[in-house]
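# Working through the structure, step by step
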Amino acid sequence: MAINGQAIDRHLLGLKRLAIEGGIDIPSLFLDPGYSTSNNWRLSTSQVAAVNDMVMCYGPVTPDGYGCCYNPRRDEINFAVSAFNSNPTTCAEKFGEALKKCLEEMRDVATSSILSSL
């Protein structure tokens, strides 16, 4: 849905920008602490589908967050992980290693289920 511009965050951002650019008061929804909390995207992911074998990357949207771009292909998935800082709480390298391990475990579970049902 997001790839087609149908994600709710895009609509809300558009409404907020219309208010700002139109010089009218920002609706109270946008001033609510819950709205601010729900827009703190520590993990920002997006699919960048491309038929060519390429890696694309973009930065995180919060200072303490990650950007994770992925390109699913027929026989593989390309990932690019980024972070503004490398420290004990935000490290793109560790995140990438954990992501790889999880995906390998998922592959192993999925392939063992296929083999055991034959």
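What you see is a predicted model; the values in this text were computed from it and never measured. (Residues numbered from 1 in each chain as written. Predicted model: local features only at pLDDT ≥ 70, side-chain atom pairs only at ≥ 80, totals over all residues. Heavy atoms only, no water.)

## Some details on the side chain of Thr-62
- Along the polypeptide, Thr-62 turns up in the loop between strand S1 (43-47) and strand S2 (66-72).
- We classify Thr-62 as buried; its relative accessible area is 7%.
- Those residues in contact with Thr-62 that sit more than four places away from it in its chain are Asn-40, Trp-41, Arg-42 and Phe-84. (Helix = DSSP H or I, 4+ residues; strand = E, 2+ residues; numbered from the N terminus. Buried < 20%, exposed > 50% of the residue type's maximum accessible area, 1.4 Å probe, protein only. Contact = heavy atoms within 4.5 Å.)

## Quick notes on the sheet that holds strand S3 (residues 77-83)
- Within the open sheet, the three strands sit side by side as S1-S2-S3. Their pairing is mixed. Both outer strands of the open sheet, S1 and S3, are each paired with one neighbouring strand and no more. Here the strands of the sheet are splayed against their neighbours by 15° on average, with no regard to which way each runs.
- Of the strand pairs in this sheet, S1 and S2 are connected by five bridges, and their pairing is parallel. Paired with Ser-46 across the bridge in S2 is Cys-69. (Pairing = 2+ DSSP bridges. Axes fitted to C-alpha atoms, helices over the stretch in contact; angles between N-to-C directions.)

## Examining the pattern of salt bridges
- Scanning the entire structure with this criterion turns up seven salt bridges.
- Across the pair Glu-21 and Arg-17 runs a salt bridge whose closest N-O atoms are separated by 3.2 Å. Of this pair, Glu-21 and Arg-17 both sit in helix H1 (residues 8-22), four residues apart, which is roughly one turn of that helix.
- According to the relative accessible area criterion, Glu-21 is exposed, its value standing at 61%. (Salt bridge = Lys/Arg side-chain N within 4 Å of Asp/Glu carboxyl O.)

## Some details on the confidence of the model for the protein chain
- Looking at the protein chain as a whole, the pLDDT averages 85, with 89% of positions reaching at least 70.
- In the model of the protein chain, S1 stands out as the element of lowest mean pLDDT, 86, in contrast to S3, which has the highest, 92. (pLDDT = per-residue confidence, 0-100.)

## A word on the packing of aromatic side chains
- Per the counting criterion, the structure on display carries three aromatic pairs.
- Between Phe-30 and Tyr-35, the aromatic rings sit 5.0 Å apart at their centres with planes inclined by 90°, giving edge-to-face as the arrangement. When sorted by exposure, Phe-30 lands in the same class as Tyr-35, which is buried.
- Here Tyr-66 and Phe-95 contribute two aromatic rings whose centre-to-centre distance is 4.7 Å and whose plane-to-plane angle is 25°, an arrangement assigned as stacked. Of the two residues, Tyr-66 sits in strand S2 while Phe-95 sits in helix H3 (residues 92-116), which places them 29 residues apart along the sequence. (Phe/Tyr/Trp six-rings, centres within 6.5 Å; stacked < 30°, edge-to-face > 60°.)

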